[in-house]
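Architecture and fold: a report
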Amino acid sequence: MAVTVLKIILGLLLLLAIVVVGNWVISTRAAARRNDLAPVDDLTEFRQMRDAGKIDEEEFRRLKKTISEQTFGISGSDTVAESDEEPPTPVEDESHRD
């Protein structure tokens, strides 16, 4: 009887551990997905604010430069494009494909 109860307790602890790890994996992947889109979403929102007159062109460019620096590691000495284009998205290098 004691062995059966011990097996049940160990089984429940194992199941609990699997659920906790699964929940952590799912939340980590969801957070990573949100972070991948955040800079583009922010830039789009700031562009809409500029177009609506809530911020001026100078403020938009400053915000755009900050987003580029944080996202792509562009330092203050590097140039940031002044166009209204979205920042470039990473592209998979296809030169190593068979």
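Further up the page is the structure itself.
In this report, we go over the structure that sits alongside the text. This is a predicted model, so every value here is computed, not measured.

**Some remarks on helix H2 (residues 57–72)**
If you check H2, its first and last C-alpha atoms are 22 Å apart, about what 16 residues at 1.5 Å a residue would give, namely 22 Å. For H2, every residue scored as buried is listed here: Phe60, Leu63, Lys64, Ile67 and Ser68. Seen from one end, H2 has its buried residues packed into an arc of 140 degrees, which puts them on one side. Facing away from the buried side of H2 by more than 90 degrees, the exposed set consists of Glu58 and Gln70. Count one or two residues on from H2 and you reach glycine 73, which has phi positive near 70 degrees.

**Some remarks on the nonpolar core**
Leu43, Ile55, Phe60, Leu63 and Ile67 together form the largest nonpolar core, which totals five residues. At three residues, the largest contribution of residues to this core is made by H2. Excluding residues that lie within four positions of it along the chain, leucine 63 makes contacts with Phe46 and Ile55.

**A word on the environment of aspartate 42**
Locating aspartate 42 in the fold gives a position in helix H1 (residues 2–51). Look at aspartate 42 and you get partly exposed, because its relative accessible area is 34%. Separated by 21 residues in the primary sequence, aspartate 42 and leucine 63 have C-alpha atoms spaced 9.3 Å apart.

Definitions and cut-offs
Residues numbered from 1 in each chain as written. Predicted model: local features only at pLDDT ≥ 70, side-chain atom pairs only at ≥ 80, totals over all residues. Heavy atoms only, no water. Helix = DSSP H or I, 4+ residues; strand = E, 2+ residues; numbered from the N terminus. Expected span 1.5 Å × (residues − 1). Buried < 20%, exposed > 50% of the residue type's maximum accessible area, 1.4 Å probe, protein only. Arc of directions from axis to C-beta. Core = buried A, V, L, I, M, F, W, Y, C linked by side-chain atoms within 4.5 Å. Contact = heavy atoms within 4.5 Å.

Spatial relationships are all this shows, so hold off on functional conclusions.
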